Each structure stands twice: as structure tokens, then as C-alpha cells.
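Residue-level structure breakdown
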Amino acid sequence: MTEARTDTSVVIVGAGQAGLSVAFYLRRLGLDPGNDFVILDRGPGPGGAWQLRWEALKLGYAHRVNDLPGMDELGLSFDSADRKVPAKQVVADFYARYEEHFGLQVVRPADVTRVDPTLDGVVVHFEGSYGSREVSTTVLVNATGTWGAPFVPWYPGMNDFAGRHLHTSEYRAAEEFRDQDVVVVGGGTSAIGFLLELEGVAGSITWCTRRPVNYLDGPQDLNIEAGARAVALQDEAAREGRALPSIVSTTGVPRSRRIQAAIERGLLSPRGMFSSIEPDGVRFPDSGFQHADAIIWATGFRPELRHLAPLKLREKAGGITVGQGAATRNARVFFAGYGPTASTIGANRAGRTIARQVIATLSSLDR
């Protein structure tokens, strides 16, 4: 390579599944962690978004967590991990050991606030315990995922509700809702997990969904058709610069024994969506009313892209046009964990592809 005009060749923003996957392959392709590429992660420790999830969530209760590439070198696999320990602890432990084993030198806490364009690449601004810093780079790999951008739909009367609004990202434990009337909104695995945990704890539970829940029969990891359809829809939207569709609306919810038992005892019986919110509850289209002390919005997330605004990558359709991992409007900006690479298995597969494209881009710029 020619003499560097930036602090480093590659900056990866995010050390979750997608970011670590790209880092693994960059290292395998000859780049030196901490010198040739730098990983910035805002989390207090390893584990990506998993470290922030609620205590009662165990592996196997949510969508499958796929192993990171090269994890077998450490003798680790999520398939054989302890399912009695909170998932947040298992993932944090595995990721920490993975980062150490491969010497990835993740910088944390490093909260990226803005990315500015330059003639030679971009400048990444970030905040940490040491104050404000910046690093210039030739290529950026954005692997921020979605956890930092929770989505809550607007309903009339939301601001008048006297109870507690909280999103999946804020949920910690069912005990916080002891003897309260709780409304859970959403049709995915998180909503169902909350219902199962709140049973016998909350005073009453009302489940509201916009559409019927799509339960999937058979082993979760064998539902290839639904997974392929979800990836195709995400890829199509990313290539066209549209807002990305919901994953759960296309993949559905695996019908585990635990979930089937809850269906049979009447716990998982959605009422449909309310039309408005009142100070002490929710009102349904048929004028029915449900008192509520709390509303839990298990309504998903959106890609976390605010820090990229100065790069002007967004299209009028609401999304960012991404083809083969790179932004159409700036070929030096790559996306891992966006569109078809948002799932854990998609992130792993994309890691190798994106790393190769990053190397090809660096090589072409050195000519």
C-alpha cells in the first residue's frame, strides 16, 4: 500500500455479530487489528446488543444465535451453550473470549456521533469516557444494527397516557409490573416472551397485534423457505433504497412446545389493535376499553443510521441504496447487518463478502 493519508485504512462501527464477522475476515485477509483497521463499539463491554437484553431471556427463547466465524477454534458454540444462564451473559462471555483470542482490540465505549466525508474517505467522530475523539479512515464499515433505534408507532392520545410507556429495549424484568394491568403490543418473539414472563405476575395482560400471528411449525433452523423469503425482501428493498420491511412479518414465530402450551391455555390470544390511548387505558375500534398501567411496545427497531446523515446516503424512498454490501452513493461505505445481512446468519455470510470487497477497494485506491 502507498503511504497512508488517513489514521487507518478501515473503521468498523459496531462490535456485534456483523462487525466481528467482518473483523475476523479482514484479519484473515492480512489486515492488522488496531493498525490497519479499528473497531469502535459504544457498549460498556462485549456482547453487542445482547448485553442489554432482559435477564430472563435465555438462548432458545428467541431467534437462533449463530456462531461467529472461527468460533470453533475456541471450542465454543451457541448450540451447546448453557440454556439456563441468561442469554446476555452467555453472548457477552463468548464474544469477549472471541475478541481476545483474535486480538481484535475493540475500542469501547466509543459512541459514534457523526461521520463526515473527506477527499480521502471519512472522519468518524465518537464520544467515550475520555471525551470527544475522531479517527480518519479510507473505508467505513457500518455495523450498528438496530438496537439503538427503537420504533414505536404513533397512536392518538399517546402523550396523555398516565401510565408507563416502554419499548423492548427498556424492558428488564416482569417483577416491575407486579399486579399491574399491562398491554403488550407486537406480534413477534419479544412480545410473546414478555407475555410468558408476565403470566402470574401482572394483574392482567392484554395482547394487541395489527395482524394475525404467523406461527411456524417444525424446527426453527429448518424453516429455510421463510428465511430465504425474508432475505430476498430485505435485499430488494436495500437495492432500491426503500425503507426495510419487518423481518418478523416474513419469517414468523417458531411454534415451540413452550409457545404451543401457552396457546392451549389461552395466554397467547391477541385481541387486535386498539385505535387510541386514553389516560388510564386503551380504546378499541368497537368502543371496548382496557385499563392499563403500562404499555409495552414490542414493535421492533429501525436501522441505526443517524450518524451517517452528513454523508447524504438516504434516498427519497426512505432507505439507503446498498448493492453487494456497499452504498451506491459512496462506494467507500459498506454495510454489515443492514438489509439481507441483518439476521445473525446473514451477518456471518456477509462478513466474508464485505471483507473481500473492502480489500479490493483499498487495493484499487493504492494503484
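Residues numbered from 1 in each chain as written. Predicted model: local features only at pLDDT ≥ 70, side-chain atom pairs only at ≥ 80, totals over all residues. Heavy atoms only, no water.

Turning to its location among the elements, Thr321 is positioned in the loop between β14 (294-297) and β15 (322-323). Take Thr321: its relative accessible area is 13%, and that puts it in the buried class. At a separation of 2.9 Å, a polar atom in the side chain of Thr321 contacts the side chain of Glu315. (Helix = DSSP H or I, 4+ residues; strand = E, 2+ residues; numbered from the N terminus. Buried < 20%, exposed > 50% of the residue type's maximum accessible area, 1.4 Å probe, protein only. Polar contact = N/O pair within 3.5 Å; in protein donor to acceptor, adjacent residues only side chain to side chain.)

This model, assessed by the stated rule, comprises one cavity of 30 Å³ or more. By volume, the largest cavity amounts to about 40 Å³. Taken together, the residues that form the lining of the largest cavity break down as five nonpolar, four polar and one charged. (1 Å grid on protein atoms, 1.4 Å probe; cavity = no way out; pocket = protein on both sides within 12 Å on 5 of 7 lines; lining within 4 Å. Points joined across faces, edges and corners; volume = space filled by probe spheres on them. Nonpolar A, V, L, I, M, F, W, Y, C, P; charged D, E, K, R; others polar.)

Another aspect to go through is the side chain of Ser136. Residue position: Ser136 is located in strand β5 (residues 131-142). A residue is classified by how much of its surface remains accessible, and Ser136, at 17% relative accessible area, is buried. Other than its neighbours up to four places away in sequence, Ser136 contacts Thr6, Asp7, Thr8, Val122 and Val123. (Contact = heavy atoms within 4.5 Å.)

With 69 residues, the main nonpolar core has Val10, Ile12 and Leu198 as its most contacted residues. Not counting the four nearest positions on each side in its chain, Leu198 is found in contact with Tyr171, Ala174, Phe177, Val182, Val184, Ile205 and Ile296. By size, the runner-up hydrophobic cluster in this structure holds 22 residues, among which are Val122, Phe126, Leu311 and Ala327. (Core = buried A, V, L, I, M, F, W, Y, C linked by side-chain atoms within 4.5 Å.)

Below, the discussion takes up the confidence of the model for the protein chain. Residues of the protein chain with pLDDT of at least 70 account for 86%, and the chain-wide mean is 87. A low-confidence stretch, residues 220-229 stays under pLDDT 50, and its non-local contacts, those more than four residues away or across chains, total ten contacts. (pLDDT = per-residue confidence, 0-100.)

This part is about the environment of Phe151. Relative to the helices and strands, Phe151 resides in the loop between β5 and β6 (164-167). Between the C-alpha atoms of Phe151 and Gly300, which are 149 residues apart in sequence, the distance is 5.7 Å. Once residues within four sequence positions are removed from consideration, Phe151 is found in contact with His167, Thr299, Gly300, Phe301 and Arg302.

Sheet strands pair via backbone hydrogen bonds, and the direction of the pair is either parallel or antiparallel. If you trace the three strands from one edge of the open sheet to the other, you get β11-β12-β13, paired in antiparallel fashion. What marks the edges here is a single partner per strand, and that holds for β11 (276-278) and β13 (289-291). In this sheet, adjacent strand axes meet at a mean angle of 25° when their direction is disregarded. In the sheet, strand β12 (residues 281-283) pairs with β13 via three bridges, with the strands oriented antiparallel. (Pairing = 2+ DSSP bridges. Axes fitted to C-alpha atoms, helices over the stretch in contact; angles between N-to-C directions.)

What follows concerns the packing of helix α1 (residues 17-28) against helix α2 (residues 87-101). Packing of α1 against α2 leaves a shortest axis separation of 12 Å and a crossing angle of 20°. The angle between the axes of α1 and α2 places the two elements in the roughly parallel class. The chirality of how α1 crosses α2 is left-handed. Of α2, the residues touching α1 (which contributes Gln17, Leu20 and Phe24) are Tyr95, Tyr98 and Glu99. (Parallel < 35°, antiparallel > 145°, perpendicular 65-115°, else oblique. Left-handed = near helix turned anticlockwise from the far one by under 90°.)

Right, let's get into the pattern of salt bridges. If you walk through the whole model with that rule in mind, you get twelve salt bridges. Note that Arg164 is salt-bridged to Glu176, the shortest N-O span being 2.9 Å. On the criterion of sequence distance, the pair formed by Arg164 in strand β6 and Glu176 in the loop between β6 and β7 (181-185) is long-range, its members being twelve residues apart. Here the salt bridges share partners, and the residues they tie into one network are Asp41, Glu99 and Arg108. (Salt bridge = Lys/Arg side-chain N within 4 Å of Asp/Glu carboxyl O.)

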